[in-house]
Amino acid sequence: MKGLHVMTESTTTTAPARISEGSGSTPLLEVRNLVKHFPVRSTGVVRRVVGQVQAVDDISFTVQRGSSLGLVGESGCGKSTTGRLVTRLLDPTSGEVRFEGNDIASLRPKQMLPFRREIQIIFQDPYSSLNPRHTVGSIIGTPLQVHNIVPKNKVLSRVQELLEVVGLNPEHYNRYPGEFSGGQRQRIGIARALAVRPKLIVADEPVSALDVSIQAQVMNLLESLQKEFGISFLFIAHDLAVVRHFCPEVAVMYLGKIVEVADRESLYTQPHHPYTQALLSAVPDVRQAQVGGRRERIRLFGDVPSPIDPPSGCRFRTRCWKAQDICATQEPPLQALANGHRVACHFAAPPTIEDARASQAAAAEAVTLESEGAVADA
Ligand SMILES: Nc1ncnc2c1ncn2[C@@H]1O[C@H](COP(=O)(O)OP(=O)(O)O)[C@@H](O)[C@H]1O
Ligand SMILES: [Mg+2]
């Protein structure tokens, strides 16, 4: 891609020494028990707190260096809140956000500054996310200056290079966002995120506000940038089709909780959580890919319950066709299955063939050990 060399040049400044890079095995991003509750206040003069929106409720996940995680779920399940917590546009109620081993969840604004450069966000709405009164040159150039990435006299040429990288005309740096289409504005947002050469980009439904015809172009751009620069993404989407080609690992969210996490192959071919099964059944090519068209569309009935007063036990139970008494009284923990697949359901789908083989092998081994023990005891 033309102009990509700009991103690999050496810079005038190096990453601030305060960021500990951790060891090679430290994940790029590790979120642990992250919680965000928004207070609900009464109307009137006193505005007492009358409840809490449990937008994100005790979620944990990991993004490995150079890899990407998809975060998928219906509207209102807490995806954007998660993205804003990771980028510290919001302060968490509790929990940890570890970036290269450093917990950034409670850093003060000044301490956060070096991390702001490393973690960028691309917003869902390319209309409201760009200041209409600033030129494209200033929108992309400001982070270059704030983070002291290039000398002042080089800012313009770097902005032009970045415009070229994202497929825009470099001569248009003097124009205002209003002069661009939705797809072009999203490219400006991408250039702004790229400008500081982040290690992690939170992409919050970056194509869902765009025309279908433009979506593929922007996805292709993101994919080539990811490959070219080895940037990791936390890629937020409301359906599983979008993240399928982009993310080797996918987490599914429902009403503030992660209900299933797995690598792509495992999740798309063997979804264990009923909610994931329902989401997947809405993806046409996955449906058709099933042998003999066995997988039919599962329709979820009823509305998503309110996150102010979520159902007891399993939050999905009010819409789940497998729900039993235990689902109302006990919250299912996120449990590990074979090959890193994790699911939070008391009645997850039957184990895969690999699971069965593994448990048979384990059982056989246990029998052998037992009989050896018996011989030794004798
Ligand atoms: N600033 C806020 N104040 C109060 N409630 C909020 C705020 N931001 C989000 N919420 C609520 O938190 C829940 C999750 O929202 P959000 O993270 O935007 O979901 P998603 O991105 O998955 O659609 C929703 O019920 C939403 O109304
Ligand atoms: Mg959102």
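Residues numbered from 1 in each chain as written. Chains lettered and ligands numbered in written order. Predicted model: local features only at pLDDT ≥ 70, side-chain atom pairs only at ≥ 80, totals over all residues. Heavy atoms only, no water.

Caption draft 1: Summary view of the packing of aromatic side chains. In total, this model carries six aromatic pairs according to the counting rule given. Members of the aromatic cluster, connected to one another through ring pairs, are Phe-233, Phe-235 and Phe-246. (Phe/Tyr/Trp six-rings, centres within 6.5 Å; stacked < 30°, edge-to-face > 60°.)

Caption draft 2: Empty space enclosed by the protein, seen in detail. Evaluation of the coordinates by the stated rule reveals one cavity of 30 Å³ or more. Of the voids in this model, the largest cavity is the one considered here, and its volume is about 70 Å³. Around the largest cavity, the lining comprises 13 residues; the ones closest to its centre are Cys-314, Cys-320, Ala-323, Cys-327 and Cys-345. Within the lining of the largest cavity, the residues separate by chemical class into nine nonpolar, two polar and two charged. (1 Å grid on protein atoms, 1.4 Å probe; cavity = no way out; pocket = protein on both sides within 12 Å on 5 of 7 lines; lining within 4 Å. Points joined across faces, edges and corners; volume = space filled by probe spheres on them. Nonpolar A, V, L, I, M, F, W, Y, C, P; charged D, E, K, R; others polar.)

Caption draft 3: Representation of the pattern of salt bridges within the structure. What the rule picks out here adds up to 15 salt bridges. Among the salt bridges present, the one from Glu-30 reaches Arg-32, with a minimum N-O distance of 3.3 Å. Overall, the relative accessible area of 32% leaves Arg-32 in the partly exposed class. Close ionic contact of Glu-100 with Arg-65 constitutes a salt bridge, the shortest N to O distance being 3.1 Å. One end of the pair, Glu-100, is in the loop between β4 (94–99) and β5 (102–103); the other, Arg-65, is in the loop between β2 (49–63) and β3 (68–72), with 35 residues separating them in the sequence. (Salt bridge = Lys/Arg side-chain N within 4 Å of Asp/Glu carboxyl O. Buried < 20%, exposed > 50% of the residue type's maximum accessible area, 1.4 Å probe, protein only. Helix = DSSP H or I, 4+ residues; strand = E, 2+ residues; numbered from the N terminus.)

Caption draft 4: Representation of the sheet that holds β4 within the structure. Read across the open sheet, the four strands follow the order β2-β1-β4-β5; overall the sheet is antiparallel. Where the open sheet ends on each side, the last strands, each with one partner, are β2 and β5. With respect to the sheet, helix α1 (residues 79–86) is in contact with β1 (29–41), β2 and β4, its orientation differing from that of β2 by roughly 70 degrees. (Pairing = 2+ DSSP bridges. Contact = heavy atoms within 4.5 Å. Axes fitted to C-alpha atoms, helices over the stretch in contact; angles between N-to-C directions.)

Caption draft 5: Structural view of helix α3 (residues 136–146). Every buried residue belonging to α3 is among Val-136, Gly-137, Ile-139, Ile-140, Gly-141, Pro-143 and Leu-144, and all of these are buried. Those residues of α3 that are buried are in contact with α4 (155–165) and α5 (182–195).

Caption draft 6: Looking closely at the site of ligand 1. Around ligand 1, the neighbouring residues are Phe-38, Val-53, Ala-55, Glu-74, Ser-75, Gly-76, Cys-77, Gly-78, Lys-79, Ser-80, Thr-81 and Pro-307. Between ligand 1 and the protein, one listed contact pairs an oxygen atom with a backbone N or O atom of Cys-77 at 3.2 Å. Take Lys-79: an N or O atom from its side chain is 2.8 Å from an oxygen atom of ligand 1. Protein contacts shield 61% of the accessible area of ligand 1, which totals 560 Å² for the unbound molecule. When grouped by side-chain class, the residues that make up the shell around ligand 1 number five nonpolar, five polar and two charged. (Near = heavy atom within 4 Å. Polar contact = N/O pair within 3.5 Å; in protein donor to acceptor, adjacent residues only side chain to side chain. Areas by Shrake-Rupley, 256 points an atom, 1.4 Å probe, with all protein chains shown as cover.)

Caption draft 7: Structural detail: the nonpolar core. With 58 residues, the main nonpolar core has Ile-140, Ile-190, Leu-194, Leu-222, Phe-235 and Leu-240 as its most contacted residues. Each of domain 1 (2–40 + 50–247) and domain 2 (272–377) gives at least three residues to this core. Aside from chain neighbours lying at most four places away, what touches Phe-235 is Leu-69, Gly-70, Leu-71, Ala-203, Pro-206, Met-219, Leu-222, Val-242, Val-243, Phe-246 and Cys-247. If you look at the next biggest cluster of nonpolar residues, it comprises 31 residues, including Ile-59, Leu-71, Leu-90 and Ile-104. (Core = buried A, V, L, I, M, F, W, Y, C linked by side-chain atoms within 4.5 Å. Domains from an automatic or database assignment.)

Caption draft 8: A look at the pairing of β4. With five bridges joining them, β1 and β4 adopt antiparallel strand pairing. Bridge pairing in β4 links Leu-29 to Phe-99. Of the strand pairs in this sheet, β4 and β5 are connected by two bridges, and their pairing is antiparallel. Its bridge partner lying in β5, Arg-98 is registered against Asp-103. Connecting β4 to the antiparallel partner β5 that follows it, the hairpin turn spans two residues, and Glu-100 within it adopts a positive phi of roughly 45 degrees.

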